[in-house]
Amino acid sequence: MFFRKFDIRRLRLTFLLWAGLGVAAGSGCSKDNTLPAEAPAAAETHLVNSTLIGEYSTTALAGRVSNIPIAGALVRYPIRVYKLTYTTRNTDGQPVTASGALLVPVTTTALPLLSYQHGTIRPDDEDRAPSYYSASSEVYSAVLVLASTGYIVSAPDYIGYGASKALPHPYEHGESLASASLDMLRATKEFCEKEKVTLNKKNFLLGYSEGGYATMALHKLIEEKYPTEFMVTASAPGAGAYHKSAFADYILASTQPLNFLSTYVWVLDTYNRVYGINRPLTYYYNPPYAAQLQANPFSAVPDRANELFTTGFRTGILNKTDAAMAAAFRANDLHDWQPKAPLALFHGTADDYVPYFNSEDAYRAMRARGATQVSLHPIQGGNHFTSVAQYTLEALGFITQYY
């Protein structure tokens, strides 16, 4: 419908590839192809170092997906994969060195830039961060093949992984996810200028789960603060927890089993630390879970909110008397603003990990603010994990309209 037949075939193959994974150089940048004039904040240099991880021929790329029919139709350009290190700022405002992967098609054609934000990575799965380029990472096959169709892909590790792995990852903290992703884009642009890789003026954003939340945060940051530095062409976040305030109410009022409480503990730990609330774990969690979480923040927890969380904490959130944590939730709400570029919200209607209302609330709030290019794309009957493949197909279809 919106695509050439070749594009449809490529997207279908990408869909098959991603489903199989199971996941959540050329001429210089000429005046005509460079992005608009930089905002003052971008004058500082962000790129610290670049290391070539490998160069992969179209034959090698096709061989990597040899179990998928007509994979050669999907693989278009050879790819060079680099690890970039760059400067960004931590949640306390201090400069840190972060890292990410950069996927560069080998061609003289001016190509668009695509920022890919990865999903949740637990600390014990550190090697799944993009800059490691391990076989278990999202960028190893699926995103690599996406790049080979004609995108220069910037994939930040985020703070807490790769070069910054000694620091705690600020899980679901919108501001730092956005700034780490934006500074990776800045480092990518500097790399392209240095290595004579030609960018055109288009910038796309993709990501699912925590990556969907990070994508939304990045889109908002660019449009509200740096619109002359990077102009978003289109973004397609999937299954992000955009409405943090409503999500908290949903969790703490629930009497049903919830299978994501171990990751929600991570959210609370991040906000407790980042916003200087600094309460002891016994304020949030019943015994024996407070002690267990003190010893291991990723230890098993019950799936019922009333078993895990103290009555005092639950009451404070539900009665709106916990001002400190309520402010932290509001600071991370990303559902209620007015995007200008086309934005497609994808979400499984049966998502039992990040409830569907997060995308529905965002769609309604954005439309109410006058955002005319926001669309909601329900994935009927899909849960958080079974929706990934359809998200991939439809999100790529969406951004292809603007390619």
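None of these values were measured; they are calculated from a predicted model.

The rules behind each value
- Residues numbered from 1 in each chain as written.
- Predicted model: local features only at pLDDT ≥ 70, side-chain atom pairs only at ≥ 80, totals over all residues.
- Heavy atoms only, no water.
- Helix = DSSP H or I, 4+ residues; strand = E, 2+ residues; numbered from the N terminus.
- Contact = heavy atoms within 4.5 Å.
- Axes fitted to C-alpha atoms, helices over the stretch in contact; angles between N-to-C directions.
- Parallel < 35°, antiparallel > 145°, perpendicular 65-115°, else oblique.
- Left-handed = near helix turned anticlockwise from the far one by under 90°.
- Nonpolar A, V, L, I, M, F, W, Y, C, P; charged D, E, K, R; others polar.
- Buried < 20%, exposed > 50% of the residue type's maximum accessible area, 1.4 Å probe, protein only.
- Pairing = 2+ DSSP bridges.
- Right-handed = clockwise from strand over helix to strand, strands pointing away.

Quick look at the environment of P168
In step 1: Within the fold, P168 resides in the loop between β5 (152-156) and α4 (174-195).
In step 2: Not counting residues within four places of it along the chain, the set of residues in contact with P168 comprises I159, G160 and R273.

Comments concerning the packing of helix α6 (residues 244-253) against helix α11 (residues 311-318)
In step 1: At a closest axis distance of 9 Å, the pairing of α6 and α11 adopts a crossing angle of 135°. Comparing their axes, α11 and α6 come out oblique. The element α6 and its partner α11 pack so that their crossing is left-handed. For the pair α6 and α11, the contacting residues are A248, D249, L252 and A253 in the first and F313, R314, I317 and L318 in the second.
In step 2: Its residues assigned to classes, the contact of α6 with α11 comprises six nonpolar, no polar and two charged.

What about the pairing of β5?
In step 1: Buried residues dominate β5, accounting for five of its five residues.
In step 2: The side-chain alternation of β5 yields two buried faces, one formed by I152, S154 and P156 and the other by V153 and A155.
In step 3: Pairing of strand β3 (residues 95-105) with β5, which is carried by four bridges, proceeds in the antiparallel orientation. Across the sheet, the residue bridging to L102 is S154, located in β5.
In step 4: Examined bridge by bridge, strand β4 (residues 111-117) and β5 share three bridges and lie parallel to one another. Within the sheet, the bridge partner assigned to L113 lies in β5 and is I152.
In step 5: In terms of handedness, the path from β4 via helix α3 (residues 142-148) over to β5 forms a crossover that is right-handed.

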